Amino acid sequence: MNLRTKIEGFVLICILFNISTSAGVDVGLDFKGGFNFSNIRGEDIDEAKKGGADIEMLFGANGGIGMGIGFRKYFIIQPEIFFAMKGFVSELGEAEVLGIMSRELKTSLNYLEIPILFKINIPAGTVIPNFYIGPYLGILLNAQTEGKMQFSNEMKERLGIEDVNATSDVTDRFEPVDFGLSMGSGIGIKAGPGRFIVDIRYTLGFLNIREQNNYTLTSEGLLEGEMKNGSLSLILGYGIDFSN
């Protein structure tokens with residue numbers, strides 16, 4: 001993320017904060033981070049999985065900041081700026097005749113996401129459950145593939161080779177923008193001037209993120225159909241409330 005993007009994000013938060021406090025509503029800042037379990041979906045991909053293609057979830061990180069604008073503490077509008085690591089893993093299987101024990105291709109997609117969440121709080125004392133839903137816009141920062149190939153010990157000794165681990169930049173093979181829906185639930189636990197945050201969130205991409213002439217390599221061959229994001233997130237954080 002460059003300096004200009006950071007400054008624009010900070011200015012946006014300051015403007016929202018000033019407007020909200022002058023309007024006499026409750027405002028809070030949330031600082032969050034956690035983990036993503038992401039994968040892809042699409043008609044061709046789903047059919048390939050049924051046929052035996054091994055396309056697995058990719059484990060990644062997330063983190064960012066959100067501003068909650070609350071109305072009587074029950075209904076909250078919460079814009080966020082979030083970094084999210086998404087992608088998938090293709091297990092290509094063995095090739096015994098070549099002495100290859102396993103082949104794996106990991107595709108990582110790093111996004112700057114801007115969700116606008118509509119949240120309902122259920123005040124219940126110290127612990128406050130909540131439910132939320134809202135759209136998100138994802139801006140692709142970069143994408144890369146990492147290929148791993150493991151050889152048998154016999155092949156290593158015979159040919160004097162080692163396992164292969166190669167990385168390539170593939171940002172130009174994916175669409176620069178994603179759009180979809182974020183939904184989830186969580187709890188806020190009052191502590192000190194604010195609250196601890198525990199969230200479980202699912203993001204469902206609506207757009208095809210694959211550029212034309214791009215393909216996905218799987219154990220069942222090449223797939224060239226549409227590809228959409230999906231991600232399950234565990235998010236922890238701390239929020240500070242500024243009540244009027």
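Being a predicted model, the structure only gives us computed values, none of them experimental. Sequence order sets the numbering: in each chain, residues are counted from 1 along the sequence as written. pLDDT decides what is reported in this predicted model: residues at 70 or higher carry local features, side-chain atom pairs at 80 or more are listed and counted, and totals for whole chains, interfaces and linings draw on all residues regardless. Excluded from the side-chain calculation are hydrogens and water; included are all heavy atoms of the structure.

## Thoughts on the overall build of the protein chain
When its secondary structure is counted, the protein chain shows 3 helices and 11 strands. Here a strand is any run of E in DSSP of at least two residues, a helix any run of H or I of at least four, and the numbering for each starts at the N terminus. For the protein chain, the succession of helices and strands along the chain, N to C, is α-β-α-β-β-β-β-α-β-β-β-β-β-β. Buried residues in the protein chain amount to 40% of all 244 residues. The contact criterion used throughout is that any non-hydrogen atoms of two residues lie within 4.5 Å. Long-range contacts, defined here as pairs at least 24 residues apart, represent 71% of the contacts in the protein chain between residues at least 6 apart. Note that accessible areas follow from Shrake-Rupley with a 1.4 Å probe, and for residues the cover is restricted to the protein chains shown. Carbon and sulfur atoms form 61% of the exposed surface of the protein chain, whose accessible area is close to 13100 Å². Residue exposure (1.4 Å probe, protein chains only): buried if accessible area is under 20% of the type maximum, exposed if over 50%, otherwise partly exposed.

## Some details on the packing of aromatic side chains
Two descriptors summarise a pair of aromatic rings, namely the distance from one centre to the other and the angle between the planes of the rings. For this analysis, a ring pair means two rings from Phe, Tyr or Trp (six-membered ring only for Trp) whose centres lie within 6.5 Å, classed as stacked if their planes differ by under 30 degrees, edge-to-face if by over 60, and tilted for the remaining angles. The tally for this structure, following the rule as stated, stands at 4 aromatic pairs. A centroid spacing of 5.3 Å and a plane angle of 55 degrees characterise the contact between Phe37 and Phe59, whose relative ring orientation is tilted. Remark: Phe59 occurs in strand E2 (residues 54-71) and Phe37 occurs in strand E1 (residues 26-41); sequence separation between them is 22 residues. Taking the centre distance of 5.4 Å and the plane angle of 70 degrees together, the rings of Phe196 and Tyr238 count as edge-to-face. Placement of the pair is Phe196 in strand E8 (residues 194-205) and Tyr238 in strand E11 (residues 228-242), with a sequence separation of 42 residues.

## Quick word on the pairing of E1
DSSP bridges decide pairing: two strands pair if at least two such bridges lie between them. Here E1 runs beside E2; their pairing, made up of 13 bridges, is antiparallel. Counted as the bridge partner of Val27 is Ile69 from E2. Strand direction decides the pairing type here: E1 and E11, joined by 15 bridges, are antiparallel. Residue pairing across strands places Gly28 opposite Asp241, the latter belonging to E11.

## Considerations on the nonpolar core
Side chains of nonpolar character tend, in soluble globular proteins, to be buried together. Among buried residues, the Ala, Val, Leu, Ile, Met, Phe, Trp, Tyr and Cys ones that are joined through side-chain atoms within 4.5 Å form a nonpolar core. Ranked by size, the top nonpolar core spans 12 residues in total: Ile40, Ile45, Ile55, Phe88, Leu109, Tyr111, Leu140, Ala143, Val170, Phe174, Ile209 and Met227. One finds Val25, Val27, Met67 and Ile69 within the second-largest nonpolar core, a separate group that totals 5 residues.

## Notes on the pairing of E8
Along any regular strand the residues' side chains alternate between the sheet's two faces. Pairing of strand E7 (residues 177-191) with E8 involves 12 bridges; the strand directions are antiparallel. Bridge pairing in E8 links Gly184 to Arg201. The antiparallel pairing of E7 with E8 creates a hairpin that spans 2 residues between the two strands, and Gly192 there sits at a positive phi of about 65 degrees. Where E8 and E11 come together, 11 bridges link them in antiparallel fashion. Note that in E11 the partner of Ile197 across the bridge is Gly237.

## Digging into the environment of Tyr111
Within the secondary structure layout, Tyr111 lies in strand E4 (residues 100-121). Note: C-alpha distance between Tyr111 and Lys86 (25 residues apart in sequence) is 7.5 Å. If we ignore the near neighbours within four places in the chain, the residues touching Tyr111 are Phe82, Phe83, Ala84, Lys86, Gly138, Ile139, Leu140, Leu141, Asp178, Ile209 and Asn229. Two N or O atoms count as a polar contact when they lie within 3.5 Å, although within protein this holds only if one can serve as hydrogen donor and the other as acceptor, and sequence-adjacent residues are included solely when both atoms are side-chain atoms. A polar contact of 3.2 Å, which involves the side chain of Tyr111, links it to the side chain of Asn229.

## A look at the environment of Ile200
Relative to the helices and strands, Ile200 is located in strand E8. Spatially, the C-alpha atom of Ile200 lies 4.9 Å from that of Leu234, the residues being 34 residues apart in sequence. Setting aside residues no more than four positions away along its own chain, Ile200 makes contact with Tyr132, Met183, Gly184, Ser185, Leu232, Ser233 and Leu234.

## Here we look at the environment of Gly205
Note that Gly205 resides in strand E8. In the structure, Gly205 is positioned 23 residues away from Ser182 in sequence and 8.8 Å away in space, judged by C-alpha atoms. Once residues within four sequence positions are removed from consideration, Gly205 is found in contact with Arg41, Tyr136, Asp178, Phe179, Gly180, Lys228 and Asn229.

## Structural notes on the confidence of the model for the protein chain
Predicted coordinates in areas of low pLDDT are best not read in detail. Counting all residues, the mean pLDDT for the protein chain is 80, and 69% of those residues have values of 70 or more. A residue's pLDDT is the predictor's confidence in that residue, given on a scale from 0 to 100. Note on residues 95-101: pLDDT is under 50 here. Beyond four places in sequence and across chains, it has 16 contacts.

## Concerning the pattern of salt bridges
Just to be clear on terms, a salt bridge is a Lys or Arg side-chain nitrogen sitting within 4 Å of an Asp or Glu carboxyl oxygen. Inspection of the entire model under this criterion finds 8 salt bridges. Notably, a salt bridge pairs Asp30 with Arg195, separated by 2.9 Å at the nearest N-O pair. On the criterion of sequence distance, the pair formed by Asp30 in strand E1 and Arg195 in strand E8 is long-range, its members being 165 residues apart. For the pair formed by Asp30 and Arg195, the shared burial category is buried.

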